[in-house]
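Read off the chains here:
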Amino acid sequence: DIEIAIKVVIVGNGGVGKSSMIQRYCKGIFTKDYKKTIGVDFLERQIEIDGEDVRIMLWDTAGQEEFDAITKAYYRGAQACVLTFSTTDRASFEAIRDWKRKVENECNEIPTVIVQNKIDLIEQSVVTADEVETLARNLNCRLIRTSVKEDVNVASVFRYLATKCHQL
Ligand code: GDP
Ligand code: MG
């Protein structure tokens, strides 16, 4: 059996929930005070796509994104990308275009999804559904709304990307 492995990079401003998403997806846990200093290189999870085993390798940043200091090594060989922003952080939404550009500079065009996280806080939202959908359309990316906290749609993000990669 040939094993398929997909490296996925997860980018977005600090505090949007990237590390939490990786912990949730790979370990099934959510902690409110996940320490960003406990930077792991990556975690992985194996899933099945069209009857084949696919190993999803999720690469985390150790908070360097806040200093715009993500190295080329982080992006190297990435085959799929998650652009993440938070429902309650306007600046993180406005930064999505820049994040897409950064990833494209290092990885060319790879399957990419825009994730609007913290959808459980929709009552405190600082973005409209309309502008989020417009951005996704303009950037030609699938939009998935998630709550890492309540485990809503997290698995769909990686299933979507793995399926996309598998079809290439
Ligand atoms: P990162 O800097 O992008 O890696 O973000 P973290 O994973 O460190 O998360 C930042 C904060 O947001 C933490 O306090 C998380 O517990 C919290 N958080 C992450 N996802 C969610 C979510 O879906 N809903 C809510 N309410 N909080 C979340
Ligand atoms: Mg983090």
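See the structure shown above.
Bear in mind that the values here come from a model prediction, so they are computed numbers and not experimental data.

Peer 1: A description of unusual backbone geometry should follow, citing residues and the corresponding values.
Peer 2: We note that Asp 50 has phi near 50 degrees; this positive angle belongs to a residue other than glycine. Along the chain, the position of Asp 50 falls in the loop between strand E2 (42-49) and strand E3 (52-59). Taking the relative accessible area as the measure of exposure, Asp 50 reaches 65% and is therefore exposed.

Peer 1: I'd like a rundown of the side chain of Thr 112, residues and numbers included.
Peer 2: One can find Thr 112 in strand E5 (residues 112-117). At 2.8 Å, the side chain of Thr 112 and the backbone oxygen of Ile 110 are in polar contact. The residues contacting Thr 112, other than those within four sequence positions of it, are Cys 81, Leu 83, Cys 141, Arg 142, Tyr 160 and Leu 161.

Peer 1: Mind laying out the site of ligand 1, listing which residues take part and the relevant values?
Peer 2: Surrounding ligand 1, one finds 19 residues, the nearest of these being Gly 15, Lys 18, Ser 20, Lys 32 and Asp 120. At 2.7 Å, a backbone N or O of Gly 15 approaches an oxygen atom of ligand 1. Within the backbone of Ser 19, one N or O atom sits 2.9 Å away from an oxygen atom of ligand 1. A total of 3 residues in the shell around ligand 1 trace back to one element, the largest contributor, which is helix H1 (residues 18-27). A class-by-class count of the residues in the shell around ligand 1 yields 4 nonpolar, 9 polar and 6 charged.

Peer 1: Talk me through the packing of aromatic side chains; I want residue IDs and the actual numbers.
Peer 2: A full pass over the atoms with the stated rule returns 4 aromatic pairs. Taking the centre distance of 5.0 Å and the plane angle of 20 degrees together, the rings of Phe 42 and Trp 59 count as stacked. A residue pair is termed long-range when its members are at least 10 positions apart, and Phe 42 in strand E2 and Trp 59 in strand E3 qualify at 17 residues. Classification of Phe 42 as partly exposed rests on a relative accessible area of 30%. Residue classification places Trp 59 among the partly exposed residues on the basis of a relative accessible area of 21%. The ring of Trp 59 is capped by Lys 7, whose NZ or CZ atom sits 4.2 Å from the centre of that ring. Geometry around Trp 99 places Lys 102 over its ring, the cationic atom sitting 4.2 Å from the centre.

Here is what the cut-offs are and how they apply
- Residues numbered from 1 in each chain as written.
- Chains lettered and ligands numbered in written order.
- Predicted model: local features only at pLDDT ≥ 70, side-chain atom pairs only at ≥ 80, totals over all residues.
- Heavy atoms only, no water.
- Helix = DSSP H or I, 4+ residues; strand = E, 2+ residues; numbered from the N terminus.
- Buried < 20%, exposed > 50% of the residue type's maximum accessible area, 1.4 Å probe, protein only.
- Polar contact = N/O pair within 3.5 Å; in protein donor to acceptor, adjacent residues only side chain to side chain.
- Contact = heavy atoms within 4.5 Å.
- Near = heavy atom within 4 Å.
- Nonpolar A, V, L, I, M, F, W, Y, C, P; charged D, E, K, R; others polar.
- Phe/Tyr/Trp six-rings, centres within 6.5 Å; stacked < 30°, edge-to-face > 60°.
- Lys NZ or Arg CZ within 6 Å of the ring centre and 35° of its normal.

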